[in-house]
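Below, each chain spelled out in residue letters.
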Amino acid sequence: MNPIRIRSLSFLAFALAGTALVAQESTGQIVGTVKTRAGEPLAGVEVRFAAPTLQGVRTVVTDASGAFRAPLLPPGTYTLTTAKGGFVGGRAEGVVLGLGQVLRQDLLMAPVQVAEKTVEVIAAAASVDKSDVKTSTNISSEMMDVLPRFTRGMDTAALLAPGVALNGTMGNRVQMRGAPTTGNRWLLNGTDIADNVFANTDGRTYYVDDSVAESQIISSPVNAKFGGFLGGIINAITKSGGNEFTGIFRANISRNSWSAIAPLGMRPNSTARPNPGTDDLNRNYTLWVGGPILKDKLWFAASTKLDPSQSTPNNLNDVTGLQTGDSPASARGAGYVPATTGMPFNITSSNQFYELKLTYAINENHSVELAGNRNVTDQRNRFYVASPDPTTLVPQRNENSYYTAAYRGLLGNSLTLEARYAKKHQLLAAGADPAQGDPIRARYSNGSYYIFQNGIFDKTDGGDNRDIKTYTAGITWFSPRTFLGTHTVEAGFELLRQDRQAANAQSPTGRQFLVWGRNADGTYRVAGLSTSATAFSQNYVLLYSVDKGVAKTDTDGYYLNDTLAINDHWQVMGGLRFDKTKAADTLGSQTVSSNATSPRFQVRWDPKGNQAWLFTASWARYAGKLNDSFTNRFTRAGNPISESYGWAGAANNAAPYAVVTNLANWSVSAATLRSYSGPLSRFADTNTKAPINDETSFAVRHTYTDGSYINLTYTKRTGKHFFNDFYTIGDEVQVPLIYSTGMKQVYAERWATDDRLTRDYNSFEVDFLSRFNEKWSLGGNYTLASLQGNSEGSEGNNPPVSGDVIGDFESVHASRGRDFTFYAPYGYLSGDVKHRARIYLNYVNKSSQGALFNASLMFNYTGGSPYSLTRDLYFEAYDDALAAGSTIASQYASYGTYNRYYGPRGIGRFNDIYNFDLKLGTEIPVWRKVRYFVELTVFNVFNHWQLSTFSTTNVSGSSLATTNPLAGYQVQNLTQAGVAGGNATGWGTYGYSDYVGGRSMAFSTGIKW
């Protein structure tokens, strides 16, 4: 007798699959129906699931309608077999289940008397089931082996998905469907690993590239179990090992001389161009191993980085020939020039990295997982502040670690339970030794301050600790089929505990002294108000107060989601999520309280009932989580209080170190306070709303019988409830001084939800995969998008917290007839990328002897970013504060200009860019299961240089004048500066840094077993 076999696809068929629901964060499920060839459903059939990633064998039994469901399966390549008395067992091989997917694999069986005459039955391949309710893209490790991408960071995987782009305003961070870059979730093995403040990561400080099994980019997480985001979710899992010992040793190698040098453009004297003679060999090594401790029961996976210590050359500042920096210039003397001025030194860096994962199968239906890592990078001779003095170089230590424990279980035939605890820890500790004394910053005749005696920060302050703890649990119930259809009901909770402990000491001794200069004999020049106003502004002591307490941001999320399959043609989904956030300062006092309700709806129509065509309409509300960049602003975590005071008495042009650092020689009193900075003047509306995105989407998907597909998706998002800061003339508060008695009056900084801030996103996406045969495939995506609004929000700030000129002394603008079109017009935001495409052609050929050759050519197209016509004009806040009788009118002078727009925001656009990347790879059997591999990645293989940006310099004119500022926008004319043939300046000029492209290469080689 011959089993009935279904031929399924290789990994290429589903490496970029869309519209998938993550029922769990680290597993997937396979559903289907067992029928006879005549189409009759078969009840009571045992369906067995086996895969290299599955411990043991999973068995389920079909119901009266012949349907089966196997939830909580680890992603991998499965073989399905069936068994029932009187029937020949069916078989489906190569069924590739992706992370978070619900995959449909129907099976055929035949009675014994019929099947004996049958050699083989070929049925349709597996396809993503229509019960998957969200849009996502899966990138497997096998896919990353083929595509021309040199690293496997979570951000690298994310950029292979439609609707994802880089926002250059915030350091090229990932932006998903137009949301702020701080609005994404980054999950590794169910652990939130994003930075607490910047809400971003590439993930590679937590794993070795080869340990990643699969990444999933969820651009529309419609299911209500997902929360705490405005953009999307990047979800990755690491490999778990298996019943056979496997491993990968990899060496990544690149060299500067393998990269092309950009054209000089119109600025041939540009110093930004790298020295073509520099030819450093860049290399790093990684090792990943996995295997059984107890076969089918306990598996392990472990990895490490074997990077050599790095040494980066640098130089201390050279102060040769400079004078002291006192005023007037005629009073200056020879400046101090230490023997170390301009001295070369090396910044050294060493790294220790370990990663471990254990998976234990209690039995066929219950398993537990433990995973974690530790990554420590130690640096020496960090050069934070300009100095000719090597004693100011300081050490820095970075720690990144996480650990997680998870349980997954089947509680009967129709109920599953998942629970997880996870913790991410970050530490940045850097600074000088307090025993080395007070740092002094001396001004020189070039206007710069150079630090002596000691460096900045304090290595003993405990560092900046950023932790996120996650507690999650969820149950899923699969209802029996009734006349109303079948329900998949999910309910659960997610508790986030974000802690930040950061003294952020700016000096090792709590003090910094800034003086007028340092004499050739090593003494200092210092003066105060009795000398001149200039002296008072340039000579002062900064006194700091820090708090080592813990600021907390706690979020509790609860969800209920129901997916109802009415029949083979119609499906509806409804979900509701509730999130509540409370933040507290280092003393435990509440600073912010916010809650949000997020409804989700979807309707899906399958006209043929076979998933060949799916039409989907969705509406969802997504509520972002409150990151520490916002909640910590009102606490002393990371926000030291600083007070500055002037020099007391007459000028001293030969003050020794002990005199300068004696506080008795400084006028430390409320009357002579120069400046104050700290969080005590910041206030948040205690009922601030969480920012939200309302999304409407329509999608059409067609899946072909060979697994090829095409998705067409339209998405509209409207952002609301953004945070904003408010300043008002006359809104002033008293804050207590720490180093002198009394109070200081400052203007208040108030934060609240401001629905006048807008962010609107519209896109059309095409996502496709076409399989020509078993070796060739063509796939990728294209996105046509528009991102408009009147506020950049957090994108241009450090730390990234929303805040806009809207709300800042609005009465000043209003009294002069200036509305939003002057200073906050609506238009294209900086993150607008009109066109973006990633299209690849892959070839994979595996010989019968086990040798493998693969090649991939990828076309990358990115639309140019917008720019606006702006210039700084005088802002009258100081004038109005003075007229209102404010006693601190001088503080308002810090808002001395405003950014005037001429025309709408984003009136112009820089050039689009495109290129082709190529990757060639091969694996050759060496001995038994040991294989040697080599990969060559060539970026911009055709060496196509393109002018990406250019100067948009304007005429500054009299922008600071109180009367008759230039009314119109005037570009700066093209001029030649310096020697003949020197750097051109003005509108439209360009140089080395404005080009993108140029060929570069990287090798990766090693062994696999």
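Residues numbered from 1 in each chain as written. Predicted model: local features only at pLDDT ≥ 70, side-chain atom pairs only at ≥ 80, totals over all residues. Heavy atoms only, no water.

The chain goes by TonB-dependent receptor in an unreviewed UniProt entry, where it is assigned to Geothrix rubra. UniProt's Subcellular location (unreviewed entry) comment on the chain is quoted here verbatim: "Cell outer membrane". (UniProt positions renumbered as here; feature names shortened; annotations may be inferred.)

Asks: Give a description of the packing of aromatic side chains that names residues and reports values.
Replies: Scanning all chains against the criterion turns up 45 aromatic pairs. Where Tyr-421 meets Tyr-471, the ring centres are 5.1 Å apart and the plane angle is 50°; that geometry is what we call tilted. Residue Tyr-421 is found in strand E26 (residues 415–430), and its partner Tyr-471 is found in strand E29 (residues 464–478); the two are separated by 50 residues along the sequence. When its relative accessible area of 33% is taken as the criterion, Tyr-471 is described as partly exposed. Seen from their ring centres, Phe-630 and Phe-634 are 5.3 Å apart, and the 85° between their planes marks the pair as edge-to-face. Given a relative accessible area of 9%, Phe-634 falls into the buried group. Cluster of aromatic residues (ring-pair linked, three or more members): Tyr-727, Tyr-747, Phe-809, Phe-875, Tyr-892, Tyr-895 and Tyr-898. Above the plane of the ring of Trp-288 lies Lys-239, whose end atom (NZ or CZ) is 5.1 Å from the centre. (Phe/Tyr/Trp six-rings, centres within 6.5 Å; stacked < 30°, edge-to-face > 60°. Helix = DSSP H or I, 4+ residues; strand = E, 2+ residues; numbered from the N terminus. Buried < 20%, exposed > 50% of the residue type's maximum accessible area, 1.4 Å probe, protein only. Lys NZ or Arg CZ within 6 Å of the ring centre and 35° of its normal.)

Asks: Which residues make up unusual backbone geometry, and what values go with them?
Replies: The omega angle of the peptide bond from Ser-327 to Pro-328 is 0°, so this bond is cis rather than trans. Within the secondary structure, Pro-328 sits in the loop between strand E22 (310–315) and strand E23 (344–363). Backbone geometry places Gln-611, a non-glycine residue, at a positive phi of 70°. With respect to the helices, strands and loops of the structure, Gln-611 is situated in the loop between strand E37 (590–605) and strand E38 (613–623).

Asks: For the nonpolar core, give the residues involved together with the corresponding values.
Replies: Nonpolar side chains in soluble globular proteins tend to end up buried together. Ranked by internal contacts, the top residues of the largest apolar core, which has 29 residues, are Ile-139, Met-154, Val-164, Trp-186, Leu-188 and Ile-217. Contributing elements (two or more residues each) for this core: helix H2 (141–146), helix H3 (154–158), strand E14 (173–176), strand E15 (185–188), strand E17 (212–220) and strand E18 (233–238). The element that contributes the greatest number of residues to this core is H3, accounting for 3 residues. For Trp-186, the residues in contact, after removing those within four places along its chain, are Met-154, Asp-155, Val-174, Thr-191, Asp-192, Ile-193, Ala-194, Ala-199, Asn-200, Thr-201 and Ile-234. If you look at the next biggest cluster of nonpolar residues, it comprises 27 residues, including Ile-440, Tyr-450, Trp-647 and Ala-748. (Core = buried A, V, L, I, M, F, W, Y, C linked by side-chain atoms within 4.5 Å. Contact = heavy atoms within 4.5 Å.)

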